[in-house]
Structures are given as C-alpha cells and as structure tokens.
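Overview (structure and organization)
For reference, the chains in residue letters:
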Amino acid sequence: MNATSLLRDDHKRFKELLRKYEKLSDEEVEQKEDIFAMLKAESTTTRPSKRRSSTRRRARSRWPGPGRSSRRPSRSTPSWRTLLEELSELEAGDVEFEAKMKVLKENVEHHAHEEEMEVFPLFRKLPHERQDEVSERLRARKFELSEGDWDDGA
Ligand SMILES: [Fe+2]
C-alpha cells in the first residue's frame, strides 16, 4: 500500500467516525464518548514525529506526510490536533464539546480534501523509487506510533 492509499484510508476512517458521531442523539452520550475515544486513537497513528532527523526534515519540505498539508491553516482555525486536545478537556455532549466537534468535522474534511487534491498529485509526480521510500517511511512511522500506544497501555 503506498503513501496516498494509507493517508486516504486515514481520512476515510476519520470522516466515517465523524459522520457516525453527527447522527447520534443528545441522549447517546456513551456512544459519543466511544467515538471520540476512537478518533483520538486514530489520531495517534497519524501524529507527526517530534524527533526529526535532517533527512526527515528534508523529505518533509517536499512531502507533507500524514496530518500535514501544503498550506498552513489560518490562525483563526485551530488544527484538528489542537481541537482533539481541547475536546479531551471537555465532556461529550456539552454545548462547547458539540460546537468543537462540528469544527473538527469541517477541519478534517478540509484537510482531507486539500491533501488529496494538492499533495497527492505531487506524490504521483515523484520517481517510483522516491514514492516507495516515502511510503515505506510512512508505514514505519505508523507502526512505530501504534507500538508506542501499546507500550503506553501496558
Ligand atoms: Fe491527512
């Protein structure tokens, strides 16, 4: 599976969870909490690395990778990662939580659209060896993050 397929799958899972959330009634608070927990779990396997080698920094200047897009979001709109952190401090079902979930859904849809329409075409222009290299690094990173979650839970 190449990098664009991996990222497209991430987007699909996120959007699907957000659609399910949107369909829940005000009374279905437990289901809302479950979906939010799933969104957070999904986000941990798409988190960009804090430790970046110079190779990774060089690569990122040409390839945004998971969770990054070619343009910086405007200052007035928090990133979906920031929103997830803010939501973690609130109670599912609260007015503020619901409002932030709506912003999160719009944010994720915008991110997915932008990445798929602007970044994926750039990936397809890369030489095949470079595409394989980027895809392999993304798979390794996702594996590394999922292993990290396992360790955290132990
Ligand atoms: Fe993405």
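The present account deals with the structure reproduced in this document. (Residues numbered from 1 in each chain as written. Predicted model: local features only at pLDDT ≥ 70, side-chain atom pairs only at ≥ 80, totals over all residues. Heavy atoms only, no water.)

**Observations concerning the packing of helix α1 (residues 3-23) against helix α2 (residues 29-44)**
Interaxial distance between α1 and α2 falls to 10 Å at its minimum, and their mutual angle equals 165°. As far as their axial angle goes, α2 and α1 are roughly antiparallel. Relative to α2, α1 is oriented so that their crossing is left-handed. Together, Arg13, Phe14, Leu17, Leu18, Lys20 and Tyr21 of α1 and Lys32, Ile35, Met38, Leu39, Glu42 and Ser43 of α2 make up the contact between the two elements. Grouping the amino acids of the contact of α1 with α2 by side-chain chemistry returns seven nonpolar, one polar and four charged. (Axes fitted to C-alpha atoms, helices over the stretch in contact; angles between N-to-C directions. Helix = DSSP H or I, 4+ residues; strand = E, 2+ residues; numbered from the N terminus. Parallel < 35°, antiparallel > 145°, perpendicular 65-115°, else oblique. Left-handed = near helix turned anticlockwise from the far one by under 90°. Contact = heavy atoms within 4.5 Å. Nonpolar A, V, L, I, M, F, W, Y, C, P; charged D, E, K, R; others polar.)

**Observations regarding the coordination of the iron ion**
Looking at the iron ion, the protein donor atoms are His11 (NE2), His111 (NE2) and Glu115 (OE), and they sit 2.1 to 2.2 Å from it. Motif for the iron ion, donor spacing along one chain: H-x99-H-x3-E. With His111 and Glu115 both in helix α5 (residues 95-125) and four residues apart, the pair spans about one turn of that helix. (Donors = N, O, S within 2.8 Å, 3.2 Å for Na, K, Ca; no water.)

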